[in-house]
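# Observations on the model geometry
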Amino acid sequence: MRNEPQIEGLLRGAALRITAQRKAVLAAVHDHPHSDTDTVLAMTRDRIGSVSHQAVYDALRTLTDAGLVRRIQPAGSLARYEARVGDNHHHLVCRSCGVVRDVDCAVGEAPCLTASDDGGFVVDEAEVVYWGLCPDCRSAPPGR
């Protein structure tokens, strides 16, 4: 886990008020990337005790809006949160168990930002999800 001064520094750097909920939520996302809201809620409660669902939802929204957290939602999946922001990385998702892993752009400096027809848009981000089976699911016996 990032230590408390680091978490507070990130919040301060984003001009956010430092609260116990925000610190705990941000630390949870740093410690367990690609966690869904219920998992972040449980980890937050482990850190600070009683906290409402709404407080965690509010903190996640605030942290996402401030650019400290990224919200992803692969097709058919719950929203998940990660602290790796600003680098336009992508994700590998297992079709069987749902595990999510980060993957950098395939070639060089964010080549995936070059659309074949940008329609006049100024593209600043691309979302790419690679689907398949993770090593554990590939090696699991059939019918597991």
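Everything quoted here is computed from the prediction, not taken from an experiment.

About the cut-offs
- Residues numbered from 1 in each chain as written.
- Predicted model: local features only at pLDDT ≥ 70, side-chain atom pairs only at ≥ 80, totals over all residues.
- Heavy atoms only, no water.
- Helix = DSSP H or I, 4+ residues; strand = E, 2+ residues; numbered from the N terminus.
- Buried < 20%, exposed > 50% of the residue type's maximum accessible area, 1.4 Å probe, protein only.
- Salt bridge = Lys/Arg side-chain N within 4 Å of Asp/Glu carboxyl O.
- Expected span 1.5 Å × (residues − 1).
- Contact = heavy atoms within 4.5 Å.
- Pairing = 2+ DSSP bridges.
- Core = buried A, V, L, I, M, F, W, Y, C linked by side-chain atoms within 4.5 Å.

### Digging into the overall build of the chain
On a plain count of helices and strands, the chain comes out with 5 helices and 6 strands. Written out in order from the N terminus, the α and β elements of the chain read α-α-β-α-α-β-β-β-β-β-α. Its C-alpha atoms give the chain principal-axis dimensions of about 50 × 45 × 25 Å. The buried share of the chain, reckoned over its 144 residues, is 35%.

### A few points about the pattern of salt bridges
A full pass over the atoms with the stated rule returns 9 salt bridges. Note that Glu 82 is salt-bridged to Arg 70, the shortest N-O span being 3.5 Å. In this pair, Glu 82 sits in strand β3 (residues 80-82) while Arg 70 sits in strand β2 (residues 70-72), placing the two residues 12 residues apart along the sequence. Accessibility classification places Glu 82 together with Arg 70 in one group, the buried group. With its nearest N and O atoms 2.5 Å apart, the salt bridge here joins Asp 87 to Arg 84. Taking the relative accessible area as the measure of exposure, Arg 84 reaches 28% and is therefore partly exposed. Three or more residues are tied together by salt bridges with common partners; here these are Glu 4, Glu 8, Arg 12 and Lys 23.

### Some points on helix α2 (residues 20-31)
Helix length check: α2, at 12 residues, gives a terminal C-alpha distance of 16 Å against a target of 16 Å (1.5 Å per residue), a fit within 8%. Where α2 is concerned, the buried positions are Arg 22, Lys 23, Ala 24, Val 25, Leu 26, Ala 27, Ala 28 and Val 29. Turning to α2, the residues buried within the fold contact α1 (4-13), α3 (37-48), α4 (53-65) and β3.

### A few points about the environment of Thr 37
With respect to the helices, strands and loops of the structure, Thr 37 is situated in helix α3. Judged by relative accessible area, which is 14%, Thr 37 ranks as buried. For the pair formed by Thr 37 and His 53, sequence separation is 16 residues and the distance between their alpha carbons is 8.7 Å. With sequence-adjacent residues up to four places away left out, Thr 37 is seen in contact with Tyr 57, Leu 60, Ala 79 and Tyr 81.

### Things to note about the pairing of strand β4 (residues 90-94)
The buried count for β4 comes to 4 of 5 residues, which makes it a mostly enclosed element. The pairing of β4 with strand β5 (residues 100-103) spans 4 bridges and is classified as antiparallel. Counterpart to Leu 92 in the pairing with β5 is Arg 101. Taking the residues that link successive antiparallel strands as the turn, the β4-β5 hairpin has 5 residues, and the phi of Gly 98 there is positive, at about 85°. Bridge count between β4 and strand β6 (residues 129-132): 4 bridges; the pairing is parallel. Residue pairing across strands places His 91 opposite Val 129, the latter belonging to β6.

### Some remarks on the nonpolar core
Among the nonpolar cores identified, the biggest contains 21 residues, and Val 40 and Leu 63 are the most heavily contacted of them. Elements that contribute at least two residues to this core include exactly α1, α2, α3 and α4. It is α2 that contributes the most residues to this core, 5 residues altogether. Setting aside chain neighbours within four positions, we find Leu 63 in contact with Leu 11, Leu 16, Arg 22, Val 25, Leu 26, Leu 68 and Val 69.

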